[in-house]
2 protein chains.
Amino acid sequence: MKKTRNTQKQDYVIDILTNAKHTMSVEAILKAMPIKVNKTTVYRILERFAEKGKVHFVTGEDGKAYYALCNDCNVNHEMHNHIHFQCKSCKKVTCLPYEIEVPELKNFEIQETQFLMIGICDMCIS
Amino acid sequence: MKKTRNTQKQDYVIDILTNAKHTMSVEAILKAMPIKVNKTTVYRILERFAEKGKVHFVTGEDGKAYYALCNDCNVNHEMHNHIHFQCKSCKKVTCLPYEIEVPELKNFEIQETQFLMIGICDMCIS
DNA sequence: GTATTATTGCAACATTGTTGCTTTAGTGTG
DNA sequence: CACACTAAAGCAACAATGTTGCAATAATAC
Ligand SMILES: [Mn+2]
Ligand SMILES: [Mn+2]
Ligand SMILES: [Zn+2]
Ligand SMILES: [Zn+2]
């Protein structure tokens, strides 16, 4: 285990994700920062948090990474196997409280899952 | 309906995807081309094929789009709701013959699904 | 306070995909 | 075949997202 340090900027990332209703892109996190932070810093903070299991991300249909705090999504298992939904209208990606049954795959080692559904979310549906 | 034309380059894309064992990125398709083709052309060919339902794609964990021919994955339904697997070692993305049960989401309109599992594939497992 | 080194900043870069416009080439018609 | 029409392809410039190497800063232990 490497030594880690507590920093203001890491705390800000946690705060921002804690108060977020949806997953957030790096760009969105940067905009939500109360102070100026370099984007590389945010990328690396999230990378460390993901390794520690504090955070998980989904890759949207747009190819962007969207991050969310891990609350209780890895209590019973290593993978964050709930569904995510990306709205084609507002582009927001949301964690949904639906778990997917992960199939057994012979000779495959499953380490992570990313389940994404795409369409129109409840806020954008007219 | 727009008029469409049959072209040599579209045929090459179909040939390449037909003979592919895995999904392919645009880069890989370009490399597999027997003649020089512009990347914009391949992007647009795949875009047209995706609209027609000839092809579907998954966004890998790496944010890249991986394309596959639709064989019988949309016979009974509009969505291509089978699982995909991306290997962290060889990076290949494969369509797997496992269908996911799509949950009902109140007030959400589901248009597409992308189910991705990540780990080590059968070829790379030692 | 000082040393150690994890974290941050910076600049330059890589990769993937997109856009506007021009050129090329399928396709139908006479 | 010659010609018109326009879908498809090419080209160049660009946007967006993420990465890398190295220097500067600051958290922690002593
Ligand atoms: Mn999680
Ligand atoms: Mn399909
Ligand atoms: Zn929405
Ligand atoms: Zn593999």
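Note: the structure precedes this text.
Not measured: the values here are computed from a predicted model. (Residues numbered from 1 in each chain as written. Chains lettered and ligands numbered in written order. Predicted model: local features only at pLDDT ≥ 70, side-chain atom pairs only at ≥ 80, totals over all residues. Heavy atoms only, no water.)

### Description of the relation of the copies chain A and chain B
- If you rotate chain A by 180° and push it 0.0 Å along the axis, it lands on chain B with an RMSD of 0.1 Å. Accordingly, the operation relating the two chain copies is best matched by a two-fold axis.
- Same-surface contact between copies: 100% of interface residues of chain A are shared with the interface of chain B. (Least-squares fit on C-alpha atoms with pLDDT ≥ 70 in both. Contact = heavy atoms within 4.5 Å.)

### Remarks on the interface of chain A and chain B
- Facing 32 residues of chain A, the contacting portion of chain B comprises 32 residues.
- Approximately 2900 Å² of surface area, both sides summed, lies buried where chain A meets chain B, with 65% of it carried by carbon and sulfur atoms.
- Its largest share of buried area at the contact with chain B, chain A owes to Phe108, Glu112 and Met117 of chain A, together 19% of the area lost on that side.
- Inspection of the chain A/chain B interface yields two salt bridges.
- Glu112 of chain B is paired through a salt bridge with Lys88 of chain A; the nearest N and O atoms lie 2.5 Å apart.
- Our count for the contact surface shared by chain A and chain B stands at 14 residue pairs in polar contact (both at pLDDT 80 or more). (Buried area = accessible area lost by both parts, 1.4 Å probe. Salt bridge = Lys/Arg side-chain N within 4 Å of Asp/Glu carboxyl O. Polar contact = N/O pair within 3.5 Å; in protein donor to acceptor, adjacent residues only side chain to side chain.)

### Here's the deal with the coordination of the zinc ion (ligand 3)
All names here are of chain A.
- Around the zinc ion (ligand 3), the donor atoms from the protein are Cys87 (SG), Cys90 (SG), Cys121 (SG) and Cys124 (SG), and they sit 2.0 to 2.7 Å away.
- Seen from the zinc ion (ligand 3), its four donor atoms lie at angles of 89 to 139°, and the figure they make is irregular.
- Look at where the donors of the zinc ion (ligand 3) fall in the sequence and you get C-x2-C-x30-C-x2-C. Pair noted here: Cys90 is in the loop between strand 3 (82-87) and strand 4 (93-99) and Cys121 is in the segment after strand 5 (109-120), with a separation of 31 residues, a long-range link. (Donors = N, O, S within 2.8 Å, 3.2 Å for Na, K, Ca; no water. Tetrahedral: all angles 85-135°; square planar, octahedral: opposite > 155°, others 65-115°. Helix = DSSP H or I, 4+ residues; strand = E, 2+ residues; numbered from the N terminus.)

Remember, this is a structural readout, not a statement about activity or role.
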